[in-house]
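The primary structure of each chain is shown beneath.
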Amino acid sequence: MNQPPNRRILLIDDTPSIHEDFRKILMPPMEQNAALDEMESALFGEAAKPQAPPFELDSAYGGQEGLQLLCTAMQQARPYALAFVDMRMPQGWDGAQTMEELWKVDPDLQVVVCTAYSDYSWEELLSRLKAHDRLLILKKPFDNIEVQQMANTLAAKWDMARRARLKTGHLEQLVEQRTEALTLASQALQQEIDERKQLQSQLIQSEKLASLGQMAAGVAHEINNPVGFVTSNLGTLESDFKQLQRMLDAYQQAEAALAPGDCLEQLSALRNELDLDFLKEDIPILIRESKDGIGRVTQIVKDLKNFSRVDNDEQWQWANLQQGIDSTLNIVASELKHKADVIKHYQPLPEIECLASQINQVVMNLVINAAQAMGPERGTITLSNGVEGDRVWLEVADNGCGIAPHCLQKIFDPFFTTKPVGEGTGLGLSLSYGIVKKHHGDISVSSEVGRGTTFRVVLPIRQTAA
Ligand SMILES: Nc1ncnc2c1ncn2[C@@H]1O[C@H](COP(=O)(O)OP(=O)(O)OP(=O)(O)O)[C@@H](O)[C@H]1O
Ligand SMILES: [Mg+2]
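Since we're looking at a predicted model, the values are computed, not measured.

A.B. asks: Sorry if this is basic, but what is going on with a nonpolar patch on the surface here?
C.D. replies: A contiguous nonpolar patch, built from M215, V219, I223 and V297 and spanning about 290 Å² of accessible area, is present on the exposed surface. Considering each element in turn, the nonpolar patch owes the most residues, three residues, to helix α6 (residues 144-257). On the secondary structure map, I223 appears in helix α6.

A.B. asks: What's the story with the packing of aromatic side chains in this structure? I'm lost.
C.D. replies: For any pair of aromatic rings, the description consists of the separation of the ring centres together with the inter-plane angle of the planes. Evaluated as defined, the whole model comprises four aromatic pairs. Centroid distance F22 to F142: 5.4 Å. Interplanar angle 70°. Geometry classified as edge-to-face. One end of the pair, F22, is in helix α1 (residues 16-26); the other, F142, is in the loop between β5 (135-139) and α6, and 120 residues separate them in sequence. Owing to a relative accessible area of 0%, F22 belongs among the buried residues under this scheme. Plain terms: the ring middles of F412 and Y433 are 5.6 Å apart, the flat faces sit at 50° to each other, and that makes the pair tilted. Of the two residues, F412 sits in the loop between α12 (405-408) and α13 (428-438) while Y433 sits in helix α13, which places them 21 residues apart along the sequence.

A.B. asks: Quick question: what am I supposed to make of the sheet that holds strand β4 (residues 110-115) here?
C.D. replies: Two strands in a sheet stick together by hydrogen bonds in their backbones, pointing the same way (parallel) or opposite ways (antiparallel). With parallel pairing, five strands are arranged side by side in an open sheet as β2-β1-β3-β4-β5. One side of each edge strand has no neighbouring strand; the edge strands of this open sheet are β2 (56-60) and β5. The mean angle between the axes of side-by-side strands here comes to 20°, regardless of whether they run parallel or antiparallel. Bridge count between β4 and β5: five bridges; the pairing is parallel. The residue of β5 that forms the bridge with V111 is L135. Along the sheet face, α1 touches β1 (8-12), β2, β3 (82-86) and β4 and points at about 175° away from the line of β2.

A.B. asks: What am I meant to see in the sheet that holds strand β11 (residues 442-448) here?
C.D. replies: Across the sheet, which stays open at both edges, the five strands sit in the order β7-β9-β10-β12-β11 with mixed pairing between neighbours. Strand pairing shows two members of the sheet lacking a second neighbour, β7 (340-345) and β11, which therefore form its edges. Averaged over all pairs of adjacent strands, the angle between strand axes in this sheet comes to 15°, irrespective of strand direction. Where β11 lies against strand β12 (residues 452-460), seven bridges are found, and the strand directions are antiparallel. Counted as the bridge partner of S444 is R456 from β12. Docked against the sheet, helix α9 (residues 321-331) engages β7, β9 (379-388) and β10 (391-398), running at close to 165° with respect to β9.

Definitions and limits used
Residues numbered from 1 in each chain as written. Chains lettered and ligands numbered in written order. Predicted model: local features only at pLDDT ≥ 70, side-chain atom pairs only at ≥ 80, totals over all residues. Heavy atoms only, no water. Patch = residues over 30% accessible without salt bridge, like charges linked within 9 Å, V, L, I, M, F, W, Y side chains within 5 Å. Areas by Shrake-Rupley, 256 points an atom, 1.4 Å probe, with all protein chains shown as cover. Salt bridge = Lys/Arg side-chain N within 4 Å of Asp/Glu carboxyl O. Helix = DSSP H or I, 4+ residues; strand = E, 2+ residues; numbered from the N terminus. Phe/Tyr/Trp six-rings, centres within 6.5 Å; stacked < 30°, edge-to-face > 60°. Buried < 20%, exposed > 50% of the residue type's maximum accessible area, 1.4 Å probe, protein only. Pairing = 2+ DSSP bridges. Axes fitted to C-alpha atoms, helices over the stretch in contact; angles between N-to-C directions. Contact = heavy atoms within 4.5 Å.

Here you go:
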């Protein structure tokens, strides 16, 4: 900022004697003055007079030449502080045009127009040049002190303008730096808020999972015992009945061999009353259906155990993704029953290293969301999966209501929900996101309003990092 004052002056005038005059006024022989002052201060013991810094005067004898000098000065980064320009120059550009051209190159140049007589009215000239604040008028014949003071004052004005510009630039830079720092700080804050939200939701999720897992495990345990003995009893009942049937067949044969009498009539009356033929057919069917039913209960218990994985909670393990999906589908079957048909496009998958109960949780969230996206009409949920290099992918696609574009970027935010109070907490997807990220995988979504939504989960087969 501490640059030396700019004392450079350009004089454009077609009269050579004017140049002589200006040189005398603005550049008096310095050494002589200085020597005299020095002598005076030595003689009278006074402090040396302050010297105004000398001017540097360049001469041009026409507008074009003046412009040339200005261009060179600008290229060398040595601008002029001011120019004295003669108004009437019959050869080439006149003063007005010269000033126009000069300001195109350097709009900060201060100009003093020197004239005895002008072809324009001053008003006309000022408004043509739009130069009310950088043009002074010096009428010929001029006084030396007038010229000197104009030069001094305008050079000082030019310096002040430069300092103001530098200061403004510096201030702007400061403001920019502060703004940048503020932006960074607010970004960091936002990131922290997001991380906290994510953590909070993970906490809620793990609590939700833990209690759900405990409940599932408790129910599975309670049901497991009776289911076990009912299954075993049904097996025994079946084989016992087969024996009984043999006995009945023997009785029936014996009945045919009996002579007519009271006993025979009683037996056939009883057989008709009980509809023995029907019973013989019906009892095996009842046993078979009961076995089917208890088989289904056994499967549900297995699914509950599979889903909660309480035995080895939070253990990384190799698990079959499709089995997990099927178990989860069984658990949410009642939610899906009235809403959508499920179509599966499975391809053979390798086992993946994962936290199985958590992956099941992701599948459950996606499938329930898909079901909840259905309108009054029954829809379709398509589950597909496959392998891609060292990763497996799973897609849950629905033909439900779709997601509006302005919601799309928010759906993974904790507590974002469009569902009525009580129906959605807005945690399902943020938790799923957290789980997938924990597995070093990706979850993405594509959706079209009115047509449906597809969620895609990609998981590495092997957890090298884990
Ligand atoms: N398959 C989908 N179709 C349409 N919108 C969906 C779908 N999945 C998610 N969304 C939108 O994303 C929002 C957030 O889903 P998320 O599962 O996180 O919460 P939720 O389902 O509202 O509540 P929660 O899962 O906690 O019961 C939903 O409210 C819904 O607007
Ligand atoms: Mg949900």
